[in-house]
Amino acid sequence: GVDLAQIHHLILTHAHSDHLLGAVWVVRMVAAAMNAGRYEGELTIWCDPAVREGLCQMARITLQKKMTDRLGDRILFHDISDGQTDTILGRKVTFFDIHSTKMKQMGFTMELAGGGKLCCLGDEPYNPACAAYVRGADWLLCEAFCLYEDRERFKPYEKHHSTVKDACELAQGLGIPHLVLWHTEDRRLAQRQTLYTQEGRAYYDGDLHVPNDLDTLTLAGENTLTTASHGVSAADAIRVPEGARLT
């Protein structure tokens, strides 16, 4: 897993409840650690201004004042916008609008050691308008809400989500060498990894990963990716050579 005391950057892609509720919990735990002297430095949350407003409102409703006092103090916000490029933990990160039809949502790309590139598409299907950001990615984080054979049961398209088949066909068509499927239904967690891998192999011949929560994947050099299948993807954490982590 990831020690919260080592997380100093959190990217929130959008303001859906599963992401905000996960972020509120992170804020609570980090603020408690700060107040107890067990957290060094600051936590920077990278998000759209509307996401910032929603998170702060939810935090002030649900958390004690001694926790929310850290907002703007040592828990800081950095607004992001379409096409914006910043440096996080020594890595070039570019944010982009995924063109969601439901709510504004941001994806991002990150440079990896050795010149590789990771791309997170958010938790909705790929939009061709984002091609310039996805093109040339070595690692693609792509939501896959359910198996294609279960589409009538889970109705992914009605929820603006993809199936395993869709995500794998996308990565195959774009020539992405490494694919991570996440943001899935959770009815069959014990069998998910096996079932999703089996379906995915029929449509994608690259390096396919269907991680369980907090599994760690080696990206390049000393970089690792710690995953969460849903929510704060959050809870994607990247360990860079210096030992810092990006979530």
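Note that the structure is a prediction, hence the values are computed from the model and not measured. (Residues numbered from 1 in each chain as written. Predicted model: local features only at pLDDT ≥ 70, side-chain atom pairs only at ≥ 80, totals over all residues. Heavy atoms only, no water.)

Caption draft 1: Structural detail: unusual backbone geometry. A positive phi is found at Lys155, a non-glycine position, where the angle reads about 50°. Residue placement: Lys155 occurs in the loop between helix H5 (151–154) and helix H6 (164–174). Notably, His183 is not glycine yet its phi reads approximately 55°, a positive angle. Accessibility expressed as a relative area gives 2% for His183, which makes it buried. (Helix = DSSP H or I, 4+ residues; strand = E, 2+ residues; numbered from the N terminus. Buried < 20%, exposed > 50% of the residue type's maximum accessible area, 1.4 Å probe, protein only.)

Caption draft 2: A look at the sheet that holds strand S1 (residues 9–11). Ordered by their spatial adjacency, 3 strands build an open sheet running S1-S2-S3, and the pairing between neighbours is parallel. Either end of the sheet is taken by a strand with one partner, and the two such strands are S1 and strand S3 (75–79). Each strand of the sheet is rotated relative to its neighbour by a mean of 25°, with strand direction disregarded. Here S1 runs beside strand S2 (residues 43–47); their pairing, made up of 3 bridges, is parallel. In the sheet register, His9 faces S2, and the bridge partner there is Thr44. Those strands touched by helix H2 (residues 49–62) are S2 and S3, and its axis lies near 155° from that of S3. (Pairing = 2+ DSSP bridges. Axes fitted to C-alpha atoms, helices over the stretch in contact; angles between N-to-C directions. Contact = heavy atoms within 4.5 Å.)

Caption draft 3: Just the pattern of salt bridges, in detail. Summed over all chains, the structure comprises 7 salt bridges. Here Lys104 and Asp48 are joined by a salt bridge, their closest N and O atoms 3.1 Å apart. Here Lys104 is found in the loop between strand S5 (91–97) and strand S6 (106–111), whereas its partner Asp48 is found in the loop between S2 and H2, with 56 residues between them in sequence. Relative accessible area serves as the criterion here: at 11%, Asp48 is assigned to the buried category. A salt bridge links Arg70 to Asp73, with the shortest nitrogen-to-oxygen separation between them at 2.9 Å. Residue class for Arg70 comes out buried when judged on its relative accessible area of 18%. (Salt bridge = Lys/Arg side-chain N within 4 Å of Asp/Glu carboxyl O.)

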